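# Analysis of the macromolecular model
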Amino acid sequence: HVNGLIKLLLPMVATIHVLNCRFIGLLVYSTRWSSSTVPRITTHYTVYPRDKDPRWEGMEMERFADEADVVIVGGGPAGLSAAIRLKQLANQHEKELRVCVVEKASQIGAHTLSGACLEPTALNELIPDWKERGAPLNTPVTEDKFAILTEKYRIPVPILPGLPMNNHGNYLVRLGHFVRWLGEQAEELGVELYPGYAAAEVLFHEDGSVKGIATNDVGIGKDGSPKDVFERGMELHAKVTLFGEGCHGHLAKQLYKQFNLRENCEPQTYAIGLKEVGLDYTNPYLSPFREFQRWKHHPSIMSTLEGGNRIAYGARALNEGGFQSIPKLTFPGGMLIGCSPGFMNVPKIKGTHTAMKSGMLAAETAFSKITDENLQSETAGLYIPEYKEALEKSWIWKELYAVRNIRPSFHNYFGLYGGMLYTGIFYWFLRGKEPWTLKHNGLDSAQLKPAKDCAPIEYPKPDGKISFDLLSSVALSGTNHEHDQPPHLTLKDDSVPVAQNLAVYDGPEQRFCPAGVYEYVPLETGDGMRLQINAQNCVHCKTCDIKDPSQNINWVVPEGSGGPAYNGM
C-alpha cells in the first residue's frame with residue numbers, strides 16, 4: 001500500500017480509457033467591466049453584485065423555500081454519520097425528524113478523496129454490525145513500514161506500540177466507496193440525500209442566528225449575465241444546520257467571520273494530499289505535483305509501482321493544525337463538524353474516524369435540543385453549546401490533545417529530525433502530558449519567500465510510466481464543469497495576480513495548483529502577462545484559496561454536480 005493519492009493498479013486488472021481533458025480559459029473584455037490596463041478576470045456575483053448590474057434588471061429572484069428539522073451541508077463521513085445518528089435517535093424515541101443532506105458532488109462519494117487507512121472506532125459505535133451490512137472494509141492492515149528517504153536510500157524507522165503511526169486493527173479502504181455505503185445506510189433510515197446541490201449561501205434570521213442555506217443559482221453565463229435557462233437556487237431552512245464541508249469549506253469561512261469563531265485559536269495549517277506535502281513550504285518555485293512525481297522515482301518506492309497502470313488521479317487539501325487550530329464550534333443556529341473545523345490527527349494521518357465521531361456528537365446534542373418540549377430558545381436558530389462540552393468529554397479531545405505538539409515541533413532549527421526526536425521523547429514517554437503547548441508558524445499563505453531569495457527547482461521530465469505530466473493526470477480525475485458559467489475561482493482584485501504574485505513570487509499559483517487551473521500567458525497586444533483561469537479543470541482541492549500569498553483568491557461553489565468524479569478515491 002502506497003499512501004499517495006494517485007491510484008495504480010497491477011497488470012492483472014483492466015486498464016481504463018482516458019478521455020481528452022478540455023481546458024477552458026476565461027478572459028472577458030468589456031468596456032463596461034474593464035480598464036485599459038487590467039484585463040477582466042472575475043465575473044462572479046459574489047464579487048460584483050447583481051443588484052448593481054443592469055443586465056439583471058427585471059429578473060425573477062425569489063427562491064422556493066423548504067423546511068427541515070436539521071440540514072447538513074456535505075455528504076462526507078461527518079455529515080452522513082450525523083444524519084445516521086439523528087435518524088437512529090428519532091426511531092429509537094419514536095420521533096418524527098426530517099433530516100436533509102446537500103452534497104455538491106453529482107453522486108455521494110464522488111468528491112471524496114483520501115489515502116485512507118481507516119480506524120474503525122467511530123464506525124463500531126455508529127453501526128456495530130457494519131460487517132454484516134456489507135461495509136467495504138475488506139483489507140485489514142497486516143504490516144507497517146516507516147522510513148526516512150534520502151536521495152537514493154531508505155532508513156527504516158521502528159514503529160513502537162502506542163505510537164500514532166501504528167495501524168494495527170485498521171483497514172485500507174477506498175474512502176469514496178465507504179462514503180457511498182454510508183449514504184445507503186442513511187437513506188435506509190429515512191435521511192433525504194440531495195447530491196448535485198451545492199450549498200452556496202448561509203441564510204440568517206433577523207436576530208442574526210443561522211436560518212439555513214441556499215443552493216446555487218444555475219444558468220449564469222461566464223460573463224456574469226443571466227442565460228435564458230437561469231433558475232434561482234432553493235432555500236432549505238432548519239432549526240439547526242450542521243456544516244461538514246470538509247477542509248477549508250467556503251461557507252465555514254463566512255461563518256468564521258460572521259461569528260468570530262477563530263478569535264481564540266491559532267490559524268489553521270494545511271497539507272495537500274498528493275504525498276502529504278505541507279503547504280507551509282517557503283520556496284515559491286516548489287510544485288507539490290512535481291514533487292510527488294519525483295518522489296515516485298525513489299528506488300524504495302519505484303519498485304512497488306513498476307508494471308502498474310495509472311487509472312485515476314486526484315488531490316485535496318487537508319487540515320494539519322490539530323488541537324491548537326480548532327475554532328469555536330457552535331453558534332446560534334449551527335455547528336461545525338468533521339474536517340471543516342479540523343479534527344485530523346496529524347501524526348496518524350487520519351481524520352475520518354474523528355470526523356465521524358464529531359458528527360455523531362453533534363447529532364446527539366442537536367436531537368436533545370430539538371425534541372425538548374420545554375425548550376425556550378433565545379434565538380430563532382438553536383444554539384447548542386452542549387456540542388463543545390460533549391467533544392471535550394470524548395475520545396476525540398483526548399486523542400488530539402495528546403498529539404498537539406507533534407506537528408508544530410517540526411518548526412525548529414533541526415527541522416524533520418528535531419520533530420522526530422521530540423515525538424520519540426515526549427510522546428513516547430509522556431503521551432502528550434507535557435505542561436506546554438507549542439505554536440504553529442502562522443498562516444501558510446504568509447510563508448512564501450520572494451522569488452529573488454529562492455533558487456528555481458529543476459524537476460525531471462516525467463517518463464510516462466512511473467511519473468506523468470499534469471494534463472494527462474487531470475484527465476483521469478473525471479473533472480467536468482459547465483463551461484459557460486462564471487469562474488468559481490474568484491479574485492477580490494483582478495490586478496493583484498500580475499502586480500503582486502507574478503512580480504514578487506513569480507506566479508506561484510501556476511505551480512501550487514495540482515490541476516493546471518492557473519497559468520500566466522502573454523497579453524494579446526503589447527508587452528506583459530495576464531493570469532488565465534482554467535476553471536474547468538478545478539478538482540476542488542482548495543489549495544489556491546489557502547496558499548495564495550496575497551489571499552486574493554476566494555474559492556466559491558460552481559454549479560451543482562461540477563468538479564471531479566472520483567470512483568472510490
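- Under an unreviewed UniProt entry, the name given to the protein chain is Electron transfer flavoprotein-ubiquinone oxidoreductase, and the source organism is Cyprinus carpio.
- Under the Subcellular location (unreviewed entry) heading, UniProt states for the protein chain: "Mitochondrion inner membrane".
- Check the Function (unreviewed entry) section of the UniProt entry for the protein chain; it says "Accepts electrons from ETF and reduces ubiquinone."

## Brief notes about the overall build of the protein chain
- For the protein chain, the helix and strand inventory stands at 14 helices and 24 strands.
- Taken over the C-alpha trace, the protein chain has a radius of gyration of 23 Å; the compact-globule value for 569 residues is 25 Å, and the two agree within 12%.
- For the protein chain, the spread of C-alpha atoms along the three principal axes comes to 70 × 65 × 50 Å.
- Sequence-distant contacts in the protein chain: of pairs separated by 6 or more residues, those separated by 24 or more amount to 78%.
- Accessible surface, the protein chain: about 25400 Å² in total, of which carbon and sulfur atoms supply 52%.
- Averaging the positions of the 56 positive and the 64 negative side-chain charges in the protein chain gives two centres separated by 6 Å.

## Notes on the pattern of salt bridges
- Tallying each qualifying case throughout the model produces 27 salt bridges.
- The residue Lys-357 makes a salt bridge to Glu-125 at a minimum N-O spacing of 2.7 Å. Here the residue Lys-357 occupies a position in helix α7 (residues 352-370), and Glu-125 occupies one in helix α2 (residues 121-126), the gap between them amounting to 232 residues.
- A residue is classified by how much of its surface remains accessible, and Glu-125, at 37% relative accessible area, is partly exposed.
- Notably, a salt bridge pairs Lys-369 with Glu-386, separated by 3.2 Å at the nearest N-O pair.

## Details of the sheet that holds strand β5 (residues 139-140)
- With antiparallel pairing, the 3 strands of this open sheet are ordered in space as β4-β8-β5. Because the sheet does not close on itself, it has two edges, and the strands there are β4 (117-118) and β5.
- Two strands pair when backbone bridges link them, and β5 and strand β8 (residues 171-172) are joined in this way by 2 bridges, in the antiparallel orientation. Bridge pairing links Pro-140 to Tyr-171 in β8.

## A closer look at the side chain of Glu-509
- With respect to the helices, strands and loops of the structure, Glu-509 is situated in helix α13 (residues 509-512).
- This buried residue, Glu-509, is left without a salt bridge; Arg-511 holds the nearest opposite charge, at 6.9 Å.
- For Glu-509, the residues in contact, after removing those within four places along its chain, are Pro-497, Asn-501, Tyr-518, Tyr-520 and Leu-531.

## Structural notes on unusual backbone geometry
- Notably, Asn-260 is not glycine yet its phi reads approximately 55 degrees, a positive angle.
- Turning to its location among the elements, Asn-260 is positioned in the loop between α4 (250-259) and β15 (270-272).
- The residue His-540 is not glycine, and still its phi comes out positive at about 65 degrees.
- Among the residues examined, His-540 registers a relative accessible area of 3% and is labelled buried.

## Focus on the packing of aromatic side chains
- Taken as a whole, this structure holds 11 aromatic pairs when the rule is applied.
- Look at Trp-130 and Tyr-171: their rings are 5.7 Å apart centre to centre, the planes differ by 85 degrees, and that puts the pair in the edge-to-face class. Taken as a pair, Trp-130 in the loop between α2 and β5 and Tyr-171 in strand β8 lie far apart in primary sequence, 41 residues in all. Here the two residues Trp-130 and Tyr-171 agree in accessibility, since each one is buried.
- Each ring, one from Phe-323 and one from Tyr-401, has its centre 5.2 Å from the other, and the planes form 80 degrees; the classification is edge-to-face. Here the residue Phe-323 occupies a position in the loop between β18 (317-319) and β19 (330-331), and Tyr-401 occupies one in helix α9 (residues 395-402), the gap between them amounting to 78 residues.

## Describing the side chain of Thr-365
- For Thr-365, the position within the fold is in helix α7.
- When its relative accessible area of 11% is taken as the criterion, Thr-365 is described as buried.
- What Thr-365 contacts, discounting residues up to four positions off in sequence, is Met-335, Ile-384, Glu-386, Tyr-387 and Ala-390.

## Here's the deal with the confidence of the model for the protein chain
- For the protein chain, the mean per-residue pLDDT works out to 90, and 93% of the residues sit at or above 70.
- In this model, residues 1-36 is a region of pLDDT below 50 whose contacts with residues beyond four sequence positions or in other chains number 93 contacts.

## Details of the environment of Ser-300
- Structurally, Ser-300 can be placed in helix α6 (residues 299-305).
- Taking the C-alpha atoms as reference points, Ser-300 and Arg-154, 146 residues apart in sequence, are found 6.7 Å from one another.
- Setting aside residues up to four positions removed in sequence, Ser-300 forms contacts with Leu-149 and Arg-154.

## Here we look at the UniProt feature "transmembrane region" (unreviewed entry) in the protein chain
- The positions that UniProt labels "transmembrane region" (unreviewed entry) are, in the present scheme, residues 410-430.
- The span residues 410-430 carries 76% helix and 0% strand; its end-to-end C-alpha distance comes to 18 Å.

## A look at the environment of Glu-266
- Tracing the backbone through its elements, the reader meets Glu-266 in the loop between α4 and β15.
- Note on Glu-266: relative accessible area 13%, which makes it buried.
- On a C-alpha basis, the gap between Glu-266 and His-481 in space is 35 Å, while along the polypeptide they are 215 residues apart.
- Not counting residues up to four positions away in its chain, the partners in contact with Glu-266 are Gln-324, Ser-325, Leu-438, Lys-439 and His-440.
- From its side chain, Glu-266 meets the backbone nitrogen of His-440 in a polar contact 2.8 Å long.

Reading guide: rules and limits
Residues numbered from 1 in each chain as written. Predicted model: local features only at pLDDT ≥ 70, side-chain atom pairs only at ≥ 80, totals over all residues. Heavy atoms only, no water. UniProt positions renumbered as here; feature names shortened; annotations may be inferred. Helix = DSSP H or I, 4+ residues; strand = E, 2+ residues; numbered from the N terminus. Rg over C-alpha atoms; globule rule 2.2 N^0.38 Å. Contact = heavy atoms within 4.5 Å. Areas by Shrake-Rupley, 256 points an atom, 1.4 Å probe, with all protein chains shown as cover. Lys, Arg positive; Asp, Glu negative; His and termini not counted. Charge placed at Lys NZ, Arg CZ, Asp CG, Glu CD. Salt bridge = Lys/Arg side-chain N within 4 Å of Asp/Glu carboxyl O. Buried < 20%, exposed > 50% of the residue type's maximum accessible area, 1.4 Å probe, protein only. Pairing = 2+ DSSP bridges. Phe/Tyr/Trp six-rings, centres within 6.5 Å; stacked < 30°, edge-to-face > 60°. pLDDT = per-residue confidence, 0-100. Polar contact = N/O pair within 3.5 Å; in protein donor to acceptor, adjacent residues only side chain to side chain.

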